[in-house]
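# Architecture at a glance
Spelled out, the chains give:
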Amino acid sequence: MTTFSGKAAEFLALHVPGDPLLQPNAFDVGSAKILAALGFKAIATTSSGAAGTFGRLDGRMTRGEVLEHCTALSEAVAVPVAADYENGFADEPMLVADSVARAGATGLAGVSIEDWSGSAIYDRALAVERVRAAAEAAHANNLVLTARAENLIHGVDDLDDAIARAQAFGAAGADVIFVPGLRAIEQVRAVVSSVDAPVNVLVLQGCPAVGEVAAAGAARISVGGSLMYAAYAAVIAAATELKAAGTYGYWDAIAAARDTIRGAFGA
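A brief look at the structure comes next. Just so you know, the residues in each chain are numbered from 1, in the order the chain's sequence is written. In view of the model being predicted, local features appear only for residues whose pLDDT reaches at least 70, and side-chain atom pairs are presented and counted only at 80 or more, with totals across whole chains, interfaces and linings using the full set of residues. Hydrogen atoms and water are omitted, and side-chain values are computed over all heavy atoms in the structure.

For the protein, the count of helices and strands is 11 helices and eight strands. On C-alpha atoms alone, the protein measures out to a radius of gyration of 18 Å, which is about the 18 Å that the 2.2 N^0.38 rule sets for 267 residues. Referenced to the eigenvectors of the C-alpha coordinate spread, the extents of the protein come out at roughly 60 × 40 × 35 Å. Categorising residues by exposure relies on relative accessible area from a 1.4 Å probe, with only protein chains included: less than 20% of the type maximum marks a residue as buried, more than 50% marks it as exposed, and the intermediate range marks it as partly exposed. Counting across all 267 residues of the protein, residues that qualify as buried make up 47%. In this description, contact between two residues means that some pair of their heavy atoms is separated by no more than 4.5 Å. Within the protein, contacts between residues at least 6 apart in sequence are counted, and of these 66% link residues at least 24 apart. Only DSSP runs of H or I reaching four residues or more are called helices, and only runs of E reaching two or more are called strands; each is numbered from the N terminus. This radius of gyration counts C-alpha atoms alone. The globule rule is 2.2 Å times how many residues there are, raised to the power 0.38.

What follows is the structure in structure tokens.
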């Protein structure tokens, strides 16, 4: 078993099956500071949310941009920050390891690596070797590694294969297992009962409530890019009201949030 120190040790200790870490995904420094001020014990980045701040779709950021983003968020808050590190920005295992090693210099507590290339799911054997290389690099750089089995969220309706991958990823050294796309509580239970490592569950529209996911044995719950989309939805609603009605009702929401925002930004 890998021994971590500092924020990585703090981060991994928060993963308790049945009493999960609720880890929201920040999309910029401001949202990270607000989430920390609200009392969340750890924060994740989000590839879609970060890309959205550049006016881009998910997967359109370079490794350099992501590393700069991770450094900024890690420096902005005192709580552990873990990165949505996509596929490690490489296909070959040793190149993935190099990417993970570079993440070690950002102040992050952890990174996640997907078995999705950006266009297809990697062959299982290659996916396992990628996780093995990523785990070695992560542990050498005091990072908690989350391995993601991406089948369900990319339209591959094969939970059995996702579980088989998750089991292999755990055996290859992953510290946390993540199967995004679980929507039924039975699916959550199936994954949790099949692997030895802590399991992260991504909250999606229509998913069971946090309490149910916790009772099913999840050790971490994240929200992906949804907070960015919620923030931008509020911008659209306010701007539409301004343009179409010429009114300013959105100021009510601003007034309700002002103290929290000022406190977070003033800390």
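Structure's up, so let's keep going.
To continue, consider the pairing of strand β5 (residues 144–148). Taking burial as the measure, the five residues of β5 include five buried ones, the bulk of the element. Every second residue of β5 is oriented toward a common face, with Val-144, Thr-146 and Arg-148 on one face and Leu-145 and Ala-147 on the other, all of them buried. Bridge analysis of strand β4 (residues 110–114) against β5 gives five bridges, and the strand direction is parallel. Paired with Gly-110 across the strands is Val-144, a residue of β5. If the strands point away from the viewer and the path from the first strand over the helix to the second runs clockwise, then the crossover is right-handed. Crossover β4 to β5 through helix α6 (residues 124–140) is right-handed. For two strands to be treated as a pair, DSSP must find at least two bridges joining them. In the sheet, β5 pairs with strand β6 (residues 176–178) via three bridges, with the strands oriented parallel. Within the sheet, the bridge partner assigned to Arg-148 lies in β6 and is Phe-178. Running through helix α7 (residues 159–171), the crossover from β5 to the neighbouring parallel element β6 is right-handed.

Residues enter patches when they are more than 30% accessible in relative terms and free of salt bridges; like-charged ones are connected within 9 Å and nonpolar ones (Val, Leu, Ile, Met, Phe, Trp, Tyr) within 5 Å. Only the protein chains shown count as cover for residues, with accessible areas throughout obtained via the Shrake-Rupley method and a probe of 1.4 Å. A carboxyl oxygen of Asp or Glu within 4 Å of a side-chain nitrogen of Lys or Arg is what we treat as a salt bridge. A contiguous nonpolar patch, built from Leu-242, Tyr-248, Trp-251 and Ile-254 and spanning about 420 Å² of accessible area, is present on the exposed surface. Relative to the helices and strands, Trp-251 resides in helix α11 (residues 251–266). Owing to a relative accessible area of 44%, Trp-251 belongs among the partly exposed residues under this scheme.

This brings us to empty space enclosed by the protein. Cavities and pockets were defined on a 1 Å grid built over protein atoms only: a cavity is a set of grid points that admits a 1.4 Å probe from which the probe cannot escape, a pocket is an open set flanked by protein on both sides within 12 Å along at least five of seven lines, and lining residues are those with an atom within 4 Å of any such point. Grid points are joined across faces, edges and corners, and a volume is the space filled by probe spheres set on the points. Summed over all chains, the structure comprises one cavity of 30 Å³ or more. In this structure, the largest cavity occupies an estimated 40 Å³ of space. Taken together, Thr-45, Thr-46, Ser-47, Ala-50, Met-61, Val-66, His-69, Cys-70, Asp-84 and Glu-86 make up the full set of residues lining the largest cavity. Counting only elements with at least two residues in the lining of the largest cavity, the list comes to α3 (47–53) and α4 (63–76). In terms of residues, the lining of the largest cavity owes the most to one element, α4, which gives three residues.

This brings us to the environment of Val-210. The topology assignment puts Val-210 in helix α9 (residues 210–215). Its relative accessible area of 41% is what places Val-210 among the partly exposed residues. Discounting chain neighbours no more than four positions away, the residues touching Val-210 are Leu-22 and Ile-221.

Turning next to the side chain of Arg-220. Positionally, Arg-220 belongs in strand β8 (residues 220–222). Residues scored as charged are limited to Lys and Arg (positive) and Asp and Glu (negative), so that His and the chain ends carry no count. No salt bridge is formed by the buried Arg-220; the nearest opposite charge belongs to Asp-175, separated by 9.0 Å. Here the side chain of Arg-220 touches Gln-23 through a polar contact of 3.1 Å, side chain to side chain. Excluding its chain neighbours within four sequence positions, the residues that come into contact with Arg-220 are Phe-11, His-15, Pro-20, Leu-21, Gln-23, Thr-146, Val-176, Val-199, Asn-200 and Val-201. Identification of polar contacts relies on pairs of N or O atoms within 3.5 Å, with a donor-acceptor requirement for protein atoms, meaning one able to donate a hydrogen and the other able to accept it, and with residues adjacent in sequence counted only if both atoms are side-chain atoms.

Further remarks concern helix α2 (residues 29–37). All of the buried residues in α2 are Ser-31, Ala-32 and Leu-35. Looking down the long axis of α2, one finds its buried residues gathered within 105 degrees of arc, a one-sided arrangement. Taken together, the buried residues of α2 touch β2 (43–44), α4 and α10 (226–244). Residue Asp-28 occupies the N-cap position of α2, its side-chain oxygen lying 3.4 Å from the main-chain nitrogen of Gly-30. Directly beyond the C-terminal end of α2, a positive phi value near 100 degrees is found at Gly-39. Within this analysis, the arc is defined by the directions that extend from the helix axis to the C-beta atoms.

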